[in-house]
Amino acid sequence: MTYYSQHAKVWVSVDCIIFGFDEGKLRVLIGRRHMDPGRGEWSLYGGFVRSDESINDAANRVLFDLTGLRNLYMRQVGAFGSVDRDPGERVISIAYYALINVKDYEDELRKEHGVEWVNVDEIPELYSDHNEMIKKARKLMRQKISSEPIGFRLLPSLFTLSQLQKLYEAVHGEDLDKRNFRKRIKEMDFIEKTGLIDKTGSKRGAYLYRFNKRAYNQDPNFKL
């Protein structure tokens, strides 16, 4: 028996906003669209939900296809369903944002998919409502990074306090007071100072730090 045949068919897709952090800038992966409608326009990377998978499974599949990475930090941004958002068909898209360390993403795979890292503040006009998706994702990310240490997903395992501050500044889009920021960091037991020194920035160098997940799980009062 066929159900719902009296109703119009609606397509469901997922679009992935992939954030990275490089050279002190928050960046997003975008590429030229390879299908009609909108062929050649700048776009996020996405795909249609298959009949045998959940929307979360579809998003994870799309992320793996693009990056070759598993177990990424991923959160749903929301549903985008304006009637005229896709001139091809009636398509509802569920947007997700993910965080990756740029250094973990093989450049050959990036080139193979034809995507580029673009500064989040210099994103061109994208296909359909993809600019709106990124804007909403960044807002959610700003809220989340103040209450959860998600920023460490964007950094290497060892980092300097300057790198950490630049990350928070890039996410929030504003400068932070260096003295207050470092004072707050020193109060966090889950950010450990190592005996290693990074001398790439100066002869004197800067101490390298790392994130201690076990210590964080024991700290119920984190807020930055």
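The structure contained in this document is the topic of the report that follows. (Residues numbered from 1 in each chain as written. Predicted model: local features only at pLDDT ≥ 70, side-chain atom pairs only at ≥ 80, totals over all residues. Heavy atoms only, no water.)

## Looking at the overall build of the chain
Scanning the chain from terminus to terminus reveals six helices and nine strands. Its C-alpha atoms give the chain principal-axis dimensions of roughly 70 × 35 × 30 Å. When each of the 224 residues of the chain is scored for burial, the buried share is 43%. By sequence separation, contacts in the chain at least 24 residues apart represent 66% of the contacts at least 6 residues apart. Looking at the chain as shown, the accessible area adds up to about 13400 Å², and 45% of this sits on carbon and sulfur atoms. Distance between charge centres in the chain, computed from 37 positive and 33 negative side chains, equals 7 Å. (Helix = DSSP H or I, 4+ residues; strand = E, 2+ residues; numbered from the N terminus. Buried < 20%, exposed > 50% of the residue type's maximum accessible area, 1.4 Å probe, protein only. Contact = heavy atoms within 4.5 Å. Areas by Shrake-Rupley, 256 points an atom, 1.4 Å probe, with all protein chains shown as cover. Lys, Arg positive; Asp, Glu negative; His and termini not counted. Charge placed at Lys NZ, Arg CZ, Asp CG, Glu CD.)

## Focus on the packing of aromatic side chains
Considering all chains together, one arrives at nine aromatic pairs under this definition. Centroid distance tyrosine 3 to tyrosine 4: 6.3 Å. Interplanar angle 50°. Geometry classified as tilted. Look at phenylalanine 152 and phenylalanine 211: their rings are 4.5 Å apart centre to centre, the planes differ by 15°, and that puts the pair in the stacked class. Remark: phenylalanine 211 occurs in strand β9 (residues 206–211) and phenylalanine 152 occurs in the loop between α3 (130–145) and α4 (161–172); sequence separation between them is 59 residues. Judged by relative accessible area, which is 12%, phenylalanine 152 ranks as buried. Of the residues examined, phenylalanine 211 reaches a relative accessible area of 27% and is grouped as partly exposed. Ring pairing ties together the aromatic residues Phe152, Phe159, Phe190 and Phe211, which thus form one cluster. Taking the ring centre of tryptophan 11 as reference, the NZ or CZ of lysine 9 above it sits at 4.7 Å. Above the ring of phenylalanine 64, the side-chain terminus of arginine 70 is found at 3.7 Å from the ring centroid. (Phe/Tyr/Trp six-rings, centres within 6.5 Å; stacked < 30°, edge-to-face > 60°. Lys NZ or Arg CZ within 6 Å of the ring centre and 35° of its normal.)

## Section: the pattern of salt bridges
Evaluated as defined, the whole model comprises 11 salt bridges. The salt bridge partner of glutamate 148 is lysine 144, with a shortest N-O separation of 3.4 Å. One connected set of salt bridges, linked through shared partners, spans Asp107, Arg110 and Lys111. (Salt bridge = Lys/Arg side-chain N within 4 Å of Asp/Glu carboxyl O.)

## A closer look at the pairing of strand β1 (residues 11–22)
Within β1, nine of the 12 residues are buried, which leaves it mostly tucked inside the rest of the structure. Bridge analysis of β1 against strand β6 (residues 91–99) gives nine bridges, and the strand direction is parallel. The residue bridging valine 12 from the neighbouring strand is isoleucine 92, located in β6. Bridge analysis of β1 against strand β4 (residues 45–48) gives four bridges, and the strand direction is antiparallel. When the bridges of β4 are listed, serine 13 appears paired with phenylalanine 48. The pairing of β1 with strand β2 (residues 25–32) spans four bridges and is antiparallel. When the bridges of β2 are listed, phenylalanine 21 appears paired with leucine 26. Two successive antiparallel strands, β1 and β2, enclose a turn made up of two residues, where glutamate 23 displays a positive phi of approximately 55°. (Pairing = 2+ DSSP bridges.)

## Focus: unusual backbone geometry
Here aspartate 36 and proline 37 are connected by a cis peptide whose omega angle stands at -5°. Within the element layout of this structure, proline 37 appears in the loop between β2 and β3 (42–43). The phi dihedral of tyrosine 4 is positive, around 60°, even though this residue is not glycine. Positionally, tyrosine 4 belongs in the segment before β1. A positive phi angle is found at asparagine 71, which is not glycine, with a value near 55°. Tracing the backbone through its elements, the reader meets asparagine 71 in the loop between α1 (55–67) and β5 (73–80). Since its relative accessible area comes to 75%, asparagine 71 is described here as exposed.

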